[in-house]
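The residues making up each chain are set out below.
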Amino acid sequence: DTGVSQDPRHKITKRGQNVTFRCDPISEHNRLYWYRQTLGQGPEFLTYFQNEAQLEKSRLLSDRFSAERPKGSFSTLEIQRTEQGDSAMYLCASSSSQGPNTIYFGEGSWLTVV
Amino acid sequence: AQSVTQPDIHITVSEGASLELRCNYSYGATPYLFWYVQSPGQGLQLLLKYFSGDTLVQGIKGFEAEFKRSQSSFNLRKPSVHWSDAAEYFCAVGAPGTASKLTFGTGTRLQVTL
């Protein structure tokens, strides 16, 4: 069990550029979540997938954000036309749909928009 | 809507002393409850979880938590703190029977003095 892995771990980008983060969930997990965490705050839910279907999106997920999970395995989170307010840690997590839901998190991807 | 309150932003304890971190939640029924720990710049590690049954749950690293329905609380405890326990601790609540996207508190930063 290799856990949830995220790439890149750190990204510095200029305002207005696009960035993409990748998440590989725990292999037997069919649910995948994206959260955002800013300094001094707890993680906030952005969106989640069950297999390849995106089943819920938070109001925090503006139209500049898009998440995909095309084959029900890894997922990508793209932010277009980044703004300084997008600077945060983007956390990916996964879980199984069998039984009570225990969600396991990755190490996160830090985004700094300058 | 569900919510979590962690009233203590920052706690300092001496190594070897006991610890209790407070968590209160708002939810219409009995939710799923979790405690996660986060070291600086890292992702979240699951300490323990409560779904149902015995209200005292044991977790990793010697932590335990007690669910008290009458107080809507899920406080985290450890009888003897180690310097390596210094980190940020997050309480989270999820709705049973759903994909259980989690709602997090704002966290409690634990400092351990030698």
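No experiment lies behind these values; they were computed from the predicted model shown.

Asks: Just checking my understanding: could you explain the interface of chain A and chain B for this structure?
Replies: It is common to give the size of an interface as the accessible area that goes away when the parts come together. Taken together, the contacts link 23 residues of chain A with 20 residues of chain B. A buried area of about 1700 Å², summed over both sides, lies between chain A and chain B, and 55% of it is on carbon and sulfur atoms. Our count for the chain A to chain B interface comes out at one salt bridge. For Glu56 of chain A, the salt bridge goes to Lys101 of chain B, with nearest N and O atoms at 2.4 Å. On inspection of chain A and its partner chain B, the count reaches seven residue pairs in polar contact (both at pLDDT 80 or more). Of all the secondary-structure elements, those providing two or more residues to the side of chain A that touches chain B are strand E4 (31-37), strand E5 (44-50), strand E9 (88-95) and strand E10 (104-105) of chain A. At four residues, E4 of chain A tops the list of elements feeding residues into the side of chain A that touches chain B. For the side of chain A that touches chain B, the residue count by class is 12 nonpolar, seven polar and four charged.

Asks: Looking at this structure, I do not really get the sheet that holds strand E8 (residues 75-79) of chain A. What am I missing?
Replies: Backbone hydrogen bonds hold the strands of a sheet together, and the pairing may be parallel or antiparallel. Residues and elements named next belong to chain A. The four strands lie next to each other as E1-E3-E8-E7, forming an open sheet whose pairing is antiparallel. The outermost strands of the open sheet, each flanked by one partner alone, are strand E1 (5-7) and strand E7 (65-68). On average, each strand axis in the sheet is tilted by 15° relative to the strand beside it, whichever way the strands run. Where E7 lies against E8, four bridges are found, and the strand directions are antiparallel. Its bridge partner being in E8, Phe65 is matched across the sheet by Ile79.

Procedures and definitions
- Residues numbered from 1 in each chain as written.
- Chains lettered and ligands numbered in written order.
- Predicted model: local features only at pLDDT ≥ 70, side-chain atom pairs only at ≥ 80, totals over all residues.
- Heavy atoms only, no water.
- Contact = heavy atoms within 4.5 Å.
- Buried area = accessible area lost by both parts, 1.4 Å probe.
- Salt bridge = Lys/Arg side-chain N within 4 Å of Asp/Glu carboxyl O.
- Polar contact = N/O pair within 3.5 Å; in protein donor to acceptor, adjacent residues only side chain to side chain.
- Helix = DSSP H or I, 4+ residues; strand = E, 2+ residues; numbered from the N terminus.
- Nonpolar A, V, L, I, M, F, W, Y, C, P; charged D, E, K, R; others polar.
- Pairing = 2+ DSSP bridges.
- Axes fitted to C-alpha atoms, helices over the stretch in contact; angles between N-to-C directions.

In short, geometric facts, not functional conclusions.
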